[in-house]
Protein chains: 2
Amino acid sequence: MNKILPNIRESIVKSGLKDGMTISFHHHLRNGDYVLNMVMREIASLGIKNLTIQASALFDCHFELIEHIKSGVVSHIETNYMSGRIANAISHGILKDPVVFRSHGGRPAAIKSRRVHIDVAFLAAPASDKMGNSNGSLGKSACGSLGYAIPDSEYADKIIIITDTLFPYPLFPASIKESNVDFVVKVDAIGNPEGIVSGTTRITRDPISLKIAEYAANLIKYSGLLKDGFSFQTGAGGASLAVTKYLKSIMKELDVKGSFGLGGITGYLVDMLNEGYFEALQDVQCFDLLAVSSIMDNPRHVEISATEYASPLSKSRATSSLDVVVLGATQMDTDFNVNVHTDSSGIITGGSGGHSDTAEDSKLSIIVAPLFRARLPLIVDKVQCISTPGKHIDALVTQRGIAINPIRQDLIDTIKDAKLPIIPIEELKNLTEKYTGVPDRITLSKKCIAEVENRHGKIIDCIFAVE
Amino acid sequence: MNKILPNIRESIVKSGLKDGMTISFHHHLRNGDYVLNMVMREIASLGIKNLTIQASALFDCHFELIEHIKSGVVSHIETNYMSGRIANAISHGILKDPVVFRSHGGRPAAIKSRRVHIDVAFLAAPASDKMGNSNGSLGKSACGSLGYAIPDSEYADKIIIITDTLFPYPLFPASIKESNVDFVVKVDAIGNPEGIVSGTTRITRDPISLKIAEYAANLIKYSGLLKDGFSFQTGAGGASLAVTKYLKSIMKELDVKGSFGLGGITGYLVDMLNEGYFEALQDVQCFDLLAVSSIMDNPRHVEISATEYASPLSKSRATSSLDVVVLGATQMDTDFNVNVHTDSSGIITGGSGGHSDTAEDSKLSIIVAPLFRARLPLIVDKVQCISTPGKHIDALVTQRGIAINPIRQDLIDTIKDAKLPIIPIEELKNLTEKYTGVPDRITLSKKCIAEVENRHGKIIDCIFAVE
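Residues numbered from 1 in each chain as written. Chains lettered and ligands numbered in written order. Predicted model: local features only at pLDDT ≥ 70, side-chain atom pairs only at ≥ 80, totals over all residues. Heavy atoms only, no water.

Draft legend 1. Highlighting the overall build of chain A. For chain A, the helix and strand inventory stands at 15 helices and 25 strands. Its C-alpha atoms give chain A a radius of gyration of 22 Å, near enough to 23 Å, the size a compact globule of 467 residues would have. The principal-axis extents of the C-alpha atoms in chain A amount to approximately 70 × 50 × 40 Å. When contacts within chain A are restricted to residue pairs at least 6 apart in sequence, those whose partners lie at least 24 apart make up 72%. Put simply, chain A shows about 16,900 Å² of open surface, and 51% of that area lies on carbon and sulfur atoms. If you average the places of the 48 positive and of the 52 negative side-chain charges in chain A, the two averages end up 1 Å apart. (Helix = DSSP H or I, 4+ residues; strand = E, 2+ residues; numbered from the N terminus. Rg over C-alpha atoms; globule rule 2.2 N^0.38 Å. Contact = heavy atoms within 4.5 Å. Areas by Shrake-Rupley, 256 points an atom, 1.4 Å probe, with all protein chains shown as cover. Lys, Arg positive; Asp, Glu negative; His and termini not counted. Charge placed at Lys NZ, Arg CZ, Asp CG, Glu CD.)

Draft legend 2. How the structure looks around the pairing of strand β9 (residues 158–163) of chain A. Residue and element names in this part refer to chain A. The buried count for β9 comes to 5 of 6 residues, which makes it a mostly enclosed element. Across 6 bridges, strand β6 (residues 120–125) lies against β9 in parallel orientation. Each residue of the ladder has a partner; that of A124, found in β9, is I162. (Buried < 20%, exposed > 50% of the residue type's maximum accessible area, 1.4 Å probe, protein only. Pairing = 2+ DSSP bridges.)

Draft legend 3. Region of the structure containing the interface of chain A and chain B. With 33 residues of chain A at the interface, the matching set in chain B holds 33 residues. Counting every contact that joins chain A to chain B gives 2 salt bridges. Across the pair K315 of chain B and D182 of chain A runs a salt bridge, and its minimum N-O distance is 2.7 Å. Summed over the shared surface of chain A and chain B, the number is 16 residue pairs in polar contact (both at pLDDT 80 or more). (Salt bridge = Lys/Arg side-chain N within 4 Å of Asp/Glu carboxyl O. Polar contact = N/O pair within 3.5 Å; in protein donor to acceptor, adjacent residues only side chain to side chain.)

Draft legend 4. Local environment of the relation of the copies chain A and chain B. When chain A is fitted onto chain B, the two copies agree to an RMSD of 0.0 Å after a turn of 180° and an axial shift of 0.0 Å. In short, the pair behaves as if placed about a two-fold rotation axis. Considering only C-alpha atoms, the residue of chain A closest to the rotation axis is P299 of chain A, which sits at 4.7 Å. (Least-squares fit on C-alpha atoms with pLDDT ≥ 70 in both.)

Draft legend 5. Molecular detail of the confidence of the model for chain A. For chain A, mean pLDDT is 96; residues scoring 70 or higher make up 100% of the total. Scoring of the predicted complex yields 0.96 for pTM and 0.96 for ipTM. (pLDDT = per-residue confidence, 0-100.)

Draft legend 6. Just the sheet that holds strand β21 (residues 379–380) of chain B, in detail. All names here are of chain B. Spatially, the 3 strands line up as an open sheet ordered β17-β16-β21, and their pairing is mixed. Unpaired on one side and paired on the other, β17 (338–339) and β21 mark the two borders of the sheet. Relative to β21, strand β16 (residues 331–333) runs parallel, the two being bridged by 2 bridges. From the neighbouring strand, D333 faces β21, where its bridge partner is V380.

Draft legend 7. Examining the packing of helix α10 (residues 267–274) of chain A against helix α11 (residues 289–297) of chain A more closely. All names here are of chain A. Here α10 crosses α11 at 45°, and the two axes come no closer than 7 Å. Between α10 and α11, the interaxial angle falls into the category oblique. Contacts between α10 and α11 involve G267, V270 and D271 from the first element and L290, A291 and S294 from the second. Here the residues of the contact of α10 with α11 sort into 3 nonpolar, 2 polar and 1 charged. (Axes fitted to C-alpha atoms, helices over the stretch in contact; angles between N-to-C directions. Parallel < 35°, antiparallel > 145°, perpendicular 65-115°, else oblique. Nonpolar A, V, L, I, M, F, W, Y, C, P; charged D, E, K, R; others polar.)

Draft legend 8. Summary view of the state of the cysteines. All names here are of chain A. This model, assessed by the stated rule, comprises 2 disulfides over all chains. Linked covalently through their sulfurs, C448 and C462 form a disulfide whose S-S length is 2.1 Å. Residue C448 is found in strand β24 (residues 444–453), and its partner C462 is found in strand β25 (residues 459–466); the two are separated by 14 residues along the sequence. In this structure, C448 and C462 share a single accessibility class: buried. (Disulfide = S-S within 2.5 Å.)

Draft legend 9. Region of the structure containing the pattern of salt bridges. Residue and element names in this part refer to chain B. In this structure the tally under the stated criterion is 46 salt bridges over all chains. Residues R115 and E453 are paired through a salt bridge, measuring 2.8 Å at the closest nitrogen-oxygen approach. In this pair, R115 sits in the loop between α5 (106–112) and β6 (120–125) while E453 sits in strand β24 (residues 444–453), placing the two residues 338 residues apart along the sequence. The class for R115 is partly exposed, based on a relative accessible area of 45%. The exposure class of E453 is buried, given its relative accessible area of 8%.

Draft legend 10. Seen up close, the sheet that holds strand β5 (residues 99–101) of chain A. Residues and elements named next belong to chain A. Spatial ordering of the open sheet is given by β1-β10-β9-β6-β2-β3-β4-β5-β24-β25, a layout of 10 strands whose pairing is mixed. Each having just a single partner strand, β1 (4–5) and β25 make up the two edges of the open sheet. Here β1 pairs with strand β10 (residues 183–186) via 2 bridges, running parallel. Residue pairing in the sheet places L5 in a bridge with V185 of β10. Lying on the sheet, helix α2 (residues 35–45) is in contact with β2 (22–25), β3 (51–55), β4 (74–79), β6 and β9; it crosses β2 at an angle near 155°.

Draft legend 11. Quick look at the packing of aromatic side chains. A full pass over the atoms with the stated rule returns 10 aromatic pairs over all chains. Both rings, one in F230 of chain B and one in F232 of chain B, keep their centres 6.0 Å apart while their planes meet at 25°; by these two values the pair is stacked. Of the two residues examined, F230 of chain B and F232 of chain B, each falls in the buried class. Taking the ring centre of F63 of chain A as reference, the NZ or CZ of R85 of chain A above it sits at 3.8 Å. (Phe/Tyr/Trp six-rings, centres within 6.5 Å; stacked < 30°, edge-to-face > 60°. Lys NZ or Arg CZ within 6 Å of the ring centre and 35° of its normal.)

Draft legend 12. Fine view of the side chain of S145 of chain A. Residue and element names in this part refer to chain A. As for its position among the elements, S145 is in the loop between β8 (134–135) and α6 (150–155). Its relative accessible area of 0% is what places S145 among the buried residues. If we ignore the near neighbours within four places in the chain, the residues touching S145 are H28, D283, V284, Q285, C286, I295, E303 and I304.

Laid out in structure tokens, this is it:
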């Protein structure tokens, strides 16, 4: 039995890929990924048309998809996140049918329930053996966890591993199992290390972000959740990560031993693990080099699949045990609905990722965001796109105070003696508009270019083309 | 979300178990298992009838099943191995319908293909957290690998973890994932440590067995397979394990670096791993305490599921890369067919386990067995039961010489200058019969009490009731 094929082209031919099929990719190589482009060039040159791209996320480096859409190679895209040139082109209506946006938990659920059928998965693997046992921790293009690739490896009809570093059989640990793999292709490089993970994730020095982070950490302090066994997730951006810094001080002061940190993992959470603030990290994706080296060396830093992270079809998932999540927003409205899909001008710049999953499952979901960016207000009458419904958001923390969602009267009661700067969201909106004015409503076309499907499979909003 | 239930009875009720359903158990606690009996007592007292037991193996400790069969609680059994009182009772015709025997690779394939549907899996776990993340390495009833339980945890409708040691969430590593688990029940003890694994697996001192083992090791030496990258599996019994001892000397002499040891793992293979004879162990089941402590501490000692071990539906499996397997036999015939299901009197005393899987997939499958036991000859005209077809057996090694299956002319050519004591299997048979005489054919009834299904799902033989 020989699974090694000499090149990507042959693997495409051997996979039986035909017009109209669905192919999948993961995004663990982030903006450094070479694999999607390499595969798509070969598919294009083979004359295969009308494919659906089922990708856990797409970044600016995948801009070549624009040409493949124009030439009819790609006719449909489903993903959890999209940024850069491809997102911009789609916002301008380049695709006939709407993109389907899912969440990081919704995608594995759709795959498991067979609503999404993947014909061929092309899975970049920093390390593989000749039979396809693969992980993301070893090799020159190490990216750490392969959490988002695991559901594809379990359910796709054909699985092709594309690696740049072959290891002797049997490779361990095996995030992707040989039992699922059809072919293995070795290429020179699967990605650009500079784009795969950032060297170190730095905490912001912006005083406004730090103020927001401090408020958020204090909200957690008085929420009733910060006690032994505490669990926590935060994003890697702006104020989100800074919350971790303040939270650590508070945990030290109160001598709280947390149970686990979750999610996309940064060096900051790795430090907290090593210093005993958490017992374990559950890692679906590594954001920086410290996280990558930790997941290889530290058995308490555990890789989990997207299914184990956030799938609503799992009997429980890591997010089921999550106390607090700190998330961002590009827009919010006074019903606490959050937009993380588009910017203020309606252009797609992101997607839910794990936003809506963690907001729904955690005991306390906190949005941290400045009240305005480049004179554009955060809080609007109506968000361009509902990425996460307001009913799943518990608090908004800004530089001028903390708005608690009125449906969380229990939280309001809990923190009432804490001297936190609590303020109604409507007042935050009014405050902002004194500086920024009320922005003009932007005019969008009537053409739906993307549908937002919630994790349970229901379309909850539509994104329209910009004109 | 609370998965913890106060007792087994409540878990049965909550699982929705009804008359006629299928329930599953694994055999990692071997003859020390308490869980199957505890569950069956509660099921019986709830008045549920007509169940199918889908067990990876059954041992003498499960003799209480006899009463449950008589009372109508259990009407059908499917398993890979069966010994002791329950096997004896079934050999005497206690069940109306035949037992279905599968192999360790055939069982996960039947589960994956949905030919076998498990309604409720009751999975003993030496360590679990409150959400059902479970492993076999920790806790007072540690058994090591949970390889045979993993397919059940992935495919059963309801999964109930029964543990005697709860660990803080999140437990890692998680052989069974919380995403698959419905309920967790803590009991006082899931098994008797003395029955779960033997303290240390000792190598035989019987001179006949040692002679056989030495011949077998020499056959491997000259087979052309003993070179860097060599992989090896052996059973834990009699001469099989002694082969390892001689093989180790030869590997040292020839300076061969093996790639992996496979299968049910003993301390002897653990020593070879630690001394650098192998790069890794792939472990579907631990046979002794050394193996249990090694799988916990040594990342090169890797747990694999039954699917990854030997399932024919896997795109590749560990056995696909296996060079040599050394196996036992209770009977053989001159076509090299092997019986490991019944003893000479026709009573069920075992089953294929991984016998037929490894014989089929390995490059060289060697049977080691003495020519007679208690004056009963090994080689007979026709085996009572074909457990592994002769076409998958390459050699029989006995104290009087080595018989090579004539279909392996390539092997005969390879070893022709090696001065091994090669002898036709017919001559071995004649030699034996000079001592033992030709045994009388035993008379069996016409009632089929067990069907042997090969790993591909085909019934290849039938075992008849003894009278």
